[in-house]
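Understanding the architecture of this molecule
What follows is each chain in one-letter form.
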Amino acid sequence: MKKALVTGITGQDGYFMAQFLLDKGYDVTGIVRRNRDMRLGTLEMLPRETVQRIKLEHGDVTDAQFINNVIKATEPDEIYHLAAQSFVGYSFHNPQATLETNIIGTLNIVNAVKEVSPKSRFYFAGTSELYGTAEKVPQDESTPFHPRSPYAISKLAGYWLTKNYREAYGIFGANGILFNHESEVRGPEFVTRKISLAAARMHNGSREVLELGNMNARKDWGYAKDYVEGMWLMMQQKEPDDFVLGTGVLHTVRDFVEGAFEVAGMNIEWKGNDMNEKGFYNGREVVSVSSKFFRPLEADNMLADYSKAKRLLGWKPKTTFEELVKLMVESDIKKA
Ligand code: GDD
């Protein structure tokens, strides 16, 4: 039986990765950051029998000794390093915490692989945010990076740590450069889930106004469940490599709002521009723009060219933007 270690198992990607690996017959260990209430994040949405099949180790990725001990004791065939401070907006307010978790956490794992478990394969959760102000559209594995947030800078260090340990010490380190991937278990601070939750609440009678930031921001949005398969495929290759995963289709935040409210049975009518733009349903204001949710800088024009993953991994996204919006809103309506 193959063994996998997943950091960040209580997050969105951990939720899908844990199920994917269990279905494939892996022995799965997950690292969970200790918290007072012993909450298990997204894993709490899985059936109890599924969670019981996962071995949980409580500790922090920034604790080198803890990481060394876990990796030495488990000697995993594959390590999926998904733990991170992953919210770009937060990283502008808390750059140091972001850099510590994302850089030191990654260093601790690649170093533990080198020192105590050199046969373990390592996956690093890289990101399209590395491209920042992209110099070329669409972006592939050879497009230069220009990170535009403390988060992106921390991920750039992780990307290079992975490459450096691969080149210097021969570890199997793969970088996934993943474009935005969302789902019904996405954290509510991310824009897609913020919208799907609000649309579901309003469908169920709430009379709130959804406040958003930059409605013109354009993202390449896919379904997280499709992406964990891509991560796994990267780890099955003969040689470690870097791969872009995305959909190759761009949509604005406004498109997401329109799609989500349509699924909730509400057709939005837009009035005004920029900061004064508002969305109305049946004459009632339901969406507005607030400066609170703008970032000092935006990473723009990020569009995936995933042809390498298609060619070498046989990977392509299975879920369209419309299907993604629908599944998220329908799930939230059911839960509300
Ligand atoms: N969160 C948020 N809230 N974003 C908003 C809002 C709002 O009210 N209004 C507009 N946006 C815009 C943001 O400015 C950004 O351009 C876009 O919506 C998406 O924001 P997020 O959903 O917060 O995601 P992200 O693109 O910054 O980052 C996500 O994707 C990256 C690429 O895969 C995160 O998952 C990162 O960890 C990941 O690396």
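Below is a summary of the structure that appears in this document. (Residues numbered from 1 in each chain as written. Predicted model: local features only at pLDDT ≥ 70, side-chain atom pairs only at ≥ 80, totals over all residues. Heavy atoms only, no water.)

**Examining the side chain of Q85**
Using the following cut-off: Only runs of H or I of at least four residues qualify as helices and only runs of E of at least two qualify as strands under DSSP, and these elements are numbered from the N terminus. Think of a polar contact as two N or O atoms within 3.5 Å of one another; within protein, one of them needs to be a possible hydrogen donor and the other a possible acceptor, and neighboring residues in sequence only count if both atoms come from side chains. In what follows, a contact means two residues having at least one pair of non-hydrogen atoms within 4.5 Å.
With respect to the helices and strands, Q85 occurs in the loop between strand 4 (78–81) and helix 4 (88–93). At a separation of 2.9 Å, a polar atom in the side chain of Q85 contacts the main-chain amide nitrogen of F87. Filtering out sequence-adjacent residues up to four positions away, Q85 remains in contact with Y90, S91, T98, T101, N102 and Y151.

**As for the packing of helix 7 (residues 191–203) against helix 9 (residues 253–263)**
Keep this limit in mind: Between N-to-C directions, angles span 0 to 180 degrees; the directions come from axes that are lines fitted to C-alpha atoms, helices contributing only their stretch in contact. Between 65 and 115 degrees an angle is taken as roughly perpendicular, under 35 as roughly parallel, over 145 as roughly antiparallel, and anywhere else as oblique. Put simply, a crossing is left-handed when the front helix is turned counterclockwise from the back one by less than a right angle, and right-handed when it is turned clockwise.
One can describe the packing of helix 7 onto helix 9 by two numbers: an axis separation of 9 Å at closest approach and a directional angle of 30°. In terms of axis orientation, helix 7 runs roughly parallel to helix 9. Relative to helix 9, helix 7 is oriented so that their crossing is right-handed. Of the residues in helix 9, those touching helix 7 at V191, T192, I195, A199 and M202 are V253, F256, V257, A260 and F261.

**Quick notes on helix 6 (residues 150–169)**
Helical geometry note: an α-helix holds 3.6 residues per turn, so side chains three or four residues apart project in the same direction. Applicable threshold: Expected span of a helix, by definition, is 1.5 Å for each gap between consecutive residues, and there is one gap fewer than residues.
The end-to-end C-alpha distance of helix 6 is 28 Å, a good match for the 28 Å that 20 residues give at a rise of 1.5 Å each. Phi turns positive one or two residues past the end of helix 6, at G170, with a value near 75°.

**Details of the pattern of salt bridges**
Under the convention used in this document: Should a side-chain nitrogen of Lys or Arg be within 4 Å of a carboxyl oxygen of Asp or Glu, the pair is scored as a salt bridge. Accessible area is worked out with a 1.4 Å probe on protein chains only. A residue is then buried under 20% of its type maximum, exposed over 50%, and partly exposed in between.
Taken as a whole, this structure holds 17 salt bridges when the rule is applied. Measuring nitrogen to oxygen at the nearest pair gives 2.8 Å for the salt bridge that ties R186 to E182. Take R186: its relative accessible area is 13%, and that puts it in the buried class. Residue E182 is classed as buried on the basis of its relative accessible area of 1%.

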